[in-house]
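Secondary and tertiary structure notes
Take a look at the letters that make up each chain.
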Amino acid sequence: MSSGASAAASCESGSAKTPEQLLAIMKASAMGDMCFSHVLGFMKAGMTEIEVAAEIERVLFSLGAEKLAFPVICVSGERTSLPHGEPSGKAIEKGDFVTVDFGAVVDGYCGDMTRTVAMGQVTDFQRKIYHIVLAAQFAAIDACIAGARCVDVDRAARGIIESAGYGEEFCHGTGHSVGAEVHEMPALNRESEAVLEENMAVTIEPGIYMPGKFGVRIEDLAIVTKFGIINTVKSPKELIIL
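Notes on the structure in this doc start here. Because the structure is predicted, anything quoted here is derived from the model rather than measured. (Residues numbered from 1 in each chain as written. Predicted model: local features only at pLDDT ≥ 70, side-chain atom pairs only at ≥ 80, totals over all residues. Heavy atoms only, no water.)

Focus on the sheet that holds strand S3 (residues 97-102)
- With respect to topology, three strands assemble into an open sheet ordered S2-S3-S6, the strand pairing being antiparallel. The sheet terminates laterally at strand S2 (73-76) and strand S6 (113-118), the two strands that pair on one side only. If you compare each strand with its neighbour and ignore which way they point, the axes differ by 10° on average.
- As judged from the four bridges shared by S2 and S3, these two strands associate in the antiparallel manner. Residue Val 75 lies in a different strand from S3, and its bridge partner there is Thr 99.
- Where helix H2 (residues 49-62) meets the sheet, its contacts fall on S2 and S3, and the angle it forms with S2 comes to roughly 150°. (Pairing = 2+ DSSP bridges. Helix = DSSP H or I, 4+ residues; strand = E, 2+ residues; numbered from the N terminus. Axes fitted to C-alpha atoms, helices over the stretch in contact; angles between N-to-C directions. Contact = heavy atoms within 4.5 Å.)

Structural notes on the nonpolar core
- In this structure, Met 43, Val 52, Ile 56, Leu 60 and Phe 102 are the most contacted members of the largest nonpolar core, which totals 39 residues.
- Residue assignment for this core shows that the elements contributing at least two residues are helix H1 (19-42), H2, S3, strand S4 (104-106), strand S5 (109-110) and S6.
- Beyond its immediate sequence surroundings of up to four residues, Leu 60 is in contact with Met 31, Gly 32, Cys 35, Ala 65, Leu 68, Phe 102, Gly 103 and Ala 104.
- In terms of nonpolar packing, the next biggest core, distinct from the first, is built from 33 residues, Ala 148, Ala 157, Phe 170 and Ile 208 among them. (Core = buried A, V, L, I, M, F, W, Y, C linked by side-chain atoms within 4.5 Å. Buried < 20%, exposed > 50% of the residue type's maximum accessible area, 1.4 Å probe, protein only.)

Section: helix H3 (residues 124-143)
- Here H3 spans 29 Å end to end across 20 residues, near enough to the 28 Å set by a 1.5 Å rise per residue.
- Of all the positions in H3, only Gln 126, Ile 129, Tyr 130, Ile 132, Val 133, Leu 134, Ala 136, Gln 137, Ala 140 and Ile 141 are classed as buried. (Expected span 1.5 Å × (residues − 1).)

Structural measurements only, silent on function.
Now the structure itself:
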């Protein structure tokens, strides 16, 4: 979930997690992966955003989620340019990007993942923007290690997007800590001098949002270690065209 979505929700410190807490987060992420795999076979052109969001919610609960980490986001077409867009009655159309952002709660701890997929076909411009965001995410992943400053992880992603000419269209931080609350501190943004600690759980979620056109966000939930990250989200990140 985009790191600017709810600063007020960041009420719990994003401290290092215990093995038991990390296991709960990993289970929540596994539920998310299973749900996303299902959605890839379920979602069709003509369905509304609300219908897809409802199916995501249904599947998460069927897999054993205690509750949702936050309301499911499903936006399509021009509405993918809304980082915090709520599902609407808009029908998903051929040529649309579709962004889904969701998380289950397991044993009191949250999952959080985002994927953007294409319906039927993509333009060269859509493909270009997707791969810029993906490159930015990989750069942030490489920078995410115990002892790194949050601002430097953000800078790694932001630098890729700015170099491509879309810095103004990346309108939120690169990530946030996750635990019993889906938004904890520290945030991975351009203001945070906080230092990442081993066994923190953080999202890595750069995006590009162009009003009137489309947006792309790709989000994983990572466990910080002294050698890099353990990515709890296993869903594919290459551009998927349904």
